[in-house]
Amino acid sequence: IPSSIQYKWFEHDLQNINRKQYPIVVVYAHKPMFSSNQNHGSDTEFRRYIAPLFNKYNVTLALFGHVHAYERSCVLQMDKCIPDVSQDTKQVDLSKGGTVHIVSGTAGFELNPSWDPKPDWSVYRETSHGSLKITVLSERSLNVKYVKHSDESVRDDFIISV
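Here is a short report on the structure shown in this document. Computed from a predicted model, the values in this text were never measured in an experiment.

### What to know about the packing of aromatic side chains
Aromatic ring pairs: the centre-centre distance and the angle between the two ring planes describe each pair.
Okay, step 1: Evaluation of the coordinates by the stated rule reveals five aromatic pairs.
Okay, step 2: Ring plane angle 20 degrees and centroid distance 4.2 Å describe the contact between tyrosine 70 and tyrosine 146, whose orientation is recorded as stacked. One end of the pair, tyrosine 70, is in strand β3 (residues 70-77); the other, tyrosine 146, is in strand β9 (residues 141-148), and 76 residues separate them in sequence. This pair shows no difference in class: tyrosine 70 is buried, exactly as tyrosine 146 is.
Okay, step 3: Three or more aromatic residues joined by ring pairs make a cluster, and in this case those are Trp9, Phe10 and Phe54.
Okay, step 4: Taking NZ or CZ as reference, arginine 47 lies 4.0 Å from the ring centre of phenylalanine 34, over its face.

### A few points about the nonpolar core
Okay, step 1: The biggest cluster of nonpolar side chains holds 24 residues, and the ones touching the most others in it are Phe10, Leu14, Val27, Met33, Ile50, Leu53 and Phe54.
Okay, step 2: Here the element with the most residues in this core is helix α2 (residues 44-56); it accounts for four residues.
Okay, step 3: Excluding anything up to four places from it in sequence, phenylalanine 10 contacts Val27, Ile50, Leu53 and Phe54.

### Thoughts on the environment of serine 141
Okay, step 1: As for its position among the elements, serine 141 is in strand β9.
Okay, step 2: Accessibility expressed as a relative area gives 10% for serine 141, which makes it buried.
Okay, step 3: Separated by 35 residues in sequence, serine 141 and threonine 106 have C-alpha atoms that sit 24 Å apart.
Okay, step 4: Beyond its immediate sequence surroundings of up to four residues, serine 141 is in contact with Ile24, Thr135, Val136, Ile159, Ile160 and Ser161.

### Some words on the pairing of strand β10 (residues 154-161)
Okay, step 1: Direction of pairing for strand β5 (residues 91-93) relative to β10: parallel, over a ladder of three bridges. Counterpart to glutamine 91 in the pairing with β10 is isoleucine 159.
Okay, step 2: As judged from the seven bridges shared by β9 and β10, these two strands associate in the antiparallel manner. Among the inter-strand pairings, valine 147 is bridged to a residue of β10, identified as valine 154.
Okay, step 3: In textbook terms, the turn of a hairpin is the stretch between consecutive antiparallel strands, and for β9 and β10 this stretch comprises five residues, one of which, glutamate 152, has a positive phi near 60 degrees.

Cut-offs applied
Residues numbered from 1 in each chain as written. Predicted model: local features only at pLDDT ≥ 70, side-chain atom pairs only at ≥ 80, totals over all residues. Heavy atoms only, no water. Phe/Tyr/Trp six-rings, centres within 6.5 Å; stacked < 30°, edge-to-face > 60°. Helix = DSSP H or I, 4+ residues; strand = E, 2+ residues; numbered from the N terminus. Buried < 20%, exposed > 50% of the residue type's maximum accessible area, 1.4 Å probe, protein only. Lys NZ or Arg CZ within 6 Å of the ring centre and 35° of its normal. Core = buried A, V, L, I, M, F, W, Y, C linked by side-chain atoms within 4.5 Å. Contact = heavy atoms within 4.5 Å. Pairing = 2+ DSSP bridges.

So this is what it looks like as structure tokens:
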């Protein structure tokens, strides 16, 4: 809620990031704004208040847990995929803004295997135990990989550039 102390703190923190020094901004929260998993789904109230801040301050990557599955969004502004950005590519260009949302609550507890029909914003999803590996490639790019634990296969692999 915009009048809350926590909201004001979060907005103050985002607006005071030196984007020349830190062009990539990663935010982590527990309950996801975007999830098509039937066990938990999207936290739409959280999205209503916080997604505008992500857009205003160009948050690069939003990481979430809570859902015991993996899911990656397209490049989103509010709740819409940016139309000029290819969503299936392994090169995700955020130079025009937008945020990639990832749910990775796959560390080892009971998995959530039930999914709603795949929404337009969902690029990749699966139910397996795994880990998210993020490698800083440069000041302006990250490599993000989802690795399945059972066979150590890379299931999702893409580069974000800002």
